[in-house]
Amino acid sequence: MKKDIYLTNSLGNKKEKFIPIDKNQIKMYVCGPTVYDDPHIGNARPLVVFDILFRILKCNFGDNLVTYVRNITDIDDKIIQSSIEKKISTEELTKKITKNFHDDCSYLNCLKPTYEPKATDNISLMIEMINQLLEIGYAYSNNEHVYFEVKKFKDYGKLSNKNLDELIAGSRVEISENKKNPEDFVLWKPSKDEEPYWDSPWGKGRPGWHLECSVMSKKYLGDKFDIHGGGRDLIFPHHENEIAQSRCANNNDVFANYWVHNGFITMSNEKMAKSQGNILKIKDFKNKIDGQVLRLALMSTHYKQQLDWNDQLINNCQNTINKWYQSYVNLNKKVLIPDEFLNPLNDDLNTPGYIANLHRLYEKSLKGNLKDKEIFTSACNFIGLLDVDKDTWEQSKKMKSKLSEKDILAKIDERNKARDNKDYTLADKIRDELLQNDVLLEDKDGKTTWKIK
């Protein structure tokens, strides 16, 4: 029996009952990675959030009735810049980072999406959409560039709930003499010498980032679909621009019915940023912490809220998984989870509420009843936890650091000098080396402290 699902819709910013366009064909698109560097913990959050939503939709509507599309952006200014810095081709870079991304998804026990299109495989469709926008007067070309003319789309800003002037004032708008207006965004741009390019009616170049998602979502989900997801940072300009160009090109009043956005991750209540030197990559944890510990940490706070990443959070989640494995049993059959335990997930992906239910199920399972242990294990499996057997879990437990205190302090001093010289690549490398030896750093108020995990 299907249960009602509620989601907070950023378009209107209120919780709404999920009513699919077609209950036999649920459609969801989530913005995937731009593969210029290895994914960090901030990138991991939407991976887990929308994996859980995918699981809920499949549970309610059927495994084969949910289409989940998550793209790979493999052509972008950041990719070109990163390939130059690393002195490798964009193809070599994107292939490597895409593989690392897939490894990280497996590590976090995320289900594979139904489709995972690459931008570079869909350039011809992007050129086709640009031509449509030019023909109906929503776009213009100038000096081998093509821009979308924002003022011609009357609903621009509705997702952000701001008017055009507010959006421009609160963002960094690209300045170009090729534009009619500052707010117009690029659909096609020329490529410089030695940069990747594709032939087009406007010269050799490449598509704008916003256009890529509009085209790939249309290819697999049609002109309109149920759910569009991503991080909160994508609301403007990315998702706002997607809506504008898609609705105009498709000539409809709807692009996606429900817009779902997860909140940011901070470290010691400071936003993660390269300039802060506090970026933690997913790969940093692989040699010492099982992926399900990170997964539990990522769902410990409601997806709409800011999640502060710190040592205590990881320790608590490690201890919780350790404890829960006391009631783990091998499941040789499908075990139904009572509806009342699933209710929090149906209510706007309330993972903290579901985790509270798991704690109650665990306490009940300690009485030794095999059925209760089976239900508990199944309920954990449903959100991607206790996904390996008990022996495998025991073998994967963390190792203590082999570095001496003198070595650690020397590394921290070297990292501080690198940060002073704005050599963030070296600073990140040193943090990675320490983390691989189970040494966690915390930067706060201009000072760096450390502890052993």
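Just above, that's the structure.
Let me sum up the structure you'll find in this document. Small disclaimer: the values here were computed from a predicted structure and weren't measured.

When you go through the chain residue by residue, the secondary structure sums to 15 helices and 15 strands. Against the 2.2 N^0.38 benchmark of 22 Å for 453 residues, the chain shows a C-alpha radius of gyration of 23 Å, consistent with a compact globule. Across its three principal axes, the chain shows a C-alpha extent of roughly 70 × 60 × 35 Å. The buried share among the 453 residues of the chain stands at 53%. Looking at the chain alone, contacts between residues at least 24 apart form 76% of all its contacts between residues at least 6 apart. Carbon together with sulfur atoms contributes 46% to the accessible area of the chain, which is approximately 21700 Å² in total. Taking the average place of the 69 positive charges on the side chains of the chain and the average place of its 68 negative ones, the gap between the two points comes to 5 Å.

Once that is clear, we can look at helix 3 (residues 90-107). Compared with an ideal rise of 1.5 Å per residue, which puts 18 residues at 26 Å, helix 3 spans 25 Å between its outermost C-alpha atoms and is within 8% of the ideal. Listed in full, the buried residues belonging to helix 3 are Thr90, Leu93, Thr94, Ile97, Thr98, Asn100, Phe101, Asp104, Cys105 and Tyr107. On its buried face, helix 3 sits against helix 1 (41-61), strand 4 (66-70), helix 2 (77-86) and helix 8 (291-298).

Read across the open sheet, the 4 strands follow the order 4-3-9-10; overall the sheet is parallel. Strands at the two margins of the open sheet, each flanked by one partner only, are strand 4 and strand 10 (256-262). Shown here is a sheet whose adjacent strand axes are inclined to one another by a mean of 20°, direction ignored. In terms of strand pairing, strand 9 (residues 225-231) meets strand 10 through 6 bridges, oriented parallel. Of the residues in strand 10, the one forming a bridge with Gly229 is Val260.

Right, let's talk about the pairing of strand 3 (residues 26-30) for a bit. Counting buried residues along strand 3, 5 of its 5 residues qualify, which places the element largely inside the surrounding structure. The alternating pattern of strand 3 places Ile26, Met28 and Val30 and Lys27 and Tyr29 on opposite faces, both of which are buried. One ladder, built from 5 bridges, connects strand 3 with strand 4; its direction is parallel. The residue bridging Tyr29 from the neighbouring strand is Val69, located in strand 4. As for the winding sense of the linkage, the β-α-β connection from strand 3 through helix 1 to strand 4 is right-handed. Alignment of strand 3 against strand 9, held across 3 bridges, turns out to be parallel. Residue pairing in the sheet places Tyr29 in a bridge with His228 of strand 9.

On to the nonpolar core, then. Formed by 79 residues in total, the largest nonpolar core has its most connected members in Ile41, Leu57, Trp309 and Trp324. The contacts of Leu57, once residues within four sequence positions are left out, are Ile5, Phe18, Ile26, Met28, Gly62, Val66 and Ile227. Core analysis: the next-biggest nonpolar cluster, separate from the first, contains 40 residues, Ile123, Leu167, Ile243 and Ala244 among them.

Oppositely charged side chains are able to pair whenever their charged atoms sit close together. Enumeration over the complete set of coordinates arrives at 27 salt bridges. In the salt-bridge network here, residues are joined through shared partners; they are Lys154, Asp155, Lys158, Arg247 and Asp253.

To continue, consider the packing of aromatic side chains. On inspection of all chains with the given rule, the structure shows 17 aromatic pairs. Judged by centre distance (5.8 Å) and plane angle (50°), the ring pair of Tyr362 and Phe376 falls under tilted. You can see Tyr362 sitting in helix 11 (residues 351-365) and its partner Phe376 sitting in helix 12 (residues 370-382), a full 14 residues away along the chain. Each of the two residues, Tyr362 as well as Phe376, counts as buried. Clustering of aromatic rings is evident, with ring pairs tying together Tyr29, Phe225, Phe255 and Trp259. Above the face of the Tyr140 ring, Lys180 is positioned so that its terminal group lies 4.8 Å from the ring centre.

Glancing now at the sheet that holds strand 8 (residues 205-207). As summarised here, the arrangement of the 4 strands in space is 5-6-7-8, forming an open sheet in which the pairing is antiparallel. Two strands in the sheet have a free side with no partner beyond their single neighbour: strand 5 (139-142) and strand 8. With direction set aside, neighbouring strand axes in the sheet form an average angle of 20°. Pairing between strand 7 (residues 185-190) and strand 8: 3 bridges, direction antiparallel. When the bridges of strand 8 are listed, Trp188 appears paired with Pro207.

Moving on to the pairing of strand 4. Of all 5 residues in strand 4, 5 are buried; the element is thus mostly enclosed. Side chains Val66, Tyr68 and Arg70 project from strand 4 onto one buried face, and the interleaved Thr67 and Val69 project onto a second face that is buried too.

With that out of the way, let us pick up the side chain of Asn178. Relative to the helices and strands, Asn178 is located in the loop between helix 5 (164-169) and strand 7. For Asn178, the side chain forms a polar contact with the side chain of Asn143, separated by 3.3 Å. Aside from chain neighbours lying at most four places away, what touches Asn178 is Tyr140, Asn142, Asn143, His145 and Tyr147.

Another point: the packing of helix 9 (residues 311-324) against helix 11. A packed helix pair is summarised by two numbers, namely the angle formed by the two axes and the spacing between the axes. Orientation of helix 9 relative to helix 11, taken along the N-to-C sense of each, is 35°, at an axis distance of 11 Å. Here the hand of the crossing between helix 9 and helix 11 comes out left-handed. Listed contacts from helix 11 to Thr320, Lys323 and Trp324 of helix 9 are Ile355, Leu358, His359 and Tyr362.

Structurally, the position occupied by Asp184 is in the loop between helix 5 and strand 7. Placed 36 residues apart in sequence, Asp184 and Phe148 show a C-alpha to C-alpha distance of 5.6 Å. Contact partners of Asp184, with chain neighbours within four places excluded, come to Tyr140, Tyr147, Phe148, Glu149, Val150 and Lys179. Within polar-contact distance, the side chain of Asp184 engages the backbone nitrogen of Val150 at 3.1 Å.

Parameters at a glance
- Residues numbered from 1 in each chain as written.
- Predicted model: local features only at pLDDT ≥ 70, side-chain atom pairs only at ≥ 80, totals over all residues.
- Heavy atoms only, no water.
- Helix = DSSP H or I, 4+ residues; strand = E, 2+ residues; numbered from the N terminus.
- Rg over C-alpha atoms; globule rule 2.2 N^0.38 Å.
- Buried < 20%, exposed > 50% of the residue type's maximum accessible area, 1.4 Å probe, protein only.
- Contact = heavy atoms within 4.5 Å.
- Areas by Shrake-Rupley, 256 points an atom, 1.4 Å probe, with all protein chains shown as cover.
- Lys, Arg positive; Asp, Glu negative; His and termini not counted.
- Charge placed at Lys NZ, Arg CZ, Asp CG, Glu CD.
- Expected span 1.5 Å × (residues − 1).
- Pairing = 2+ DSSP bridges.
- Axes fitted to C-alpha atoms, helices over the stretch in contact; angles between N-to-C directions.
- Right-handed = clockwise from strand over helix to strand, strands pointing away.
- Core = buried A, V, L, I, M, F, W, Y, C linked by side-chain atoms within 4.5 Å.
- Salt bridge = Lys/Arg side-chain N within 4 Å of Asp/Glu carboxyl O.
- Phe/Tyr/Trp six-rings, centres within 6.5 Å; stacked < 30°, edge-to-face > 60°.
- Lys NZ or Arg CZ within 6 Å of the ring centre and 35° of its normal.
- Polar contact = N/O pair within 3.5 Å; in protein donor to acceptor, adjacent residues only side chain to side chain.
- Left-handed = near helix turned anticlockwise from the far one by under 90°.

Limitation: the analysis is restricted to geometry and does not speak to function.
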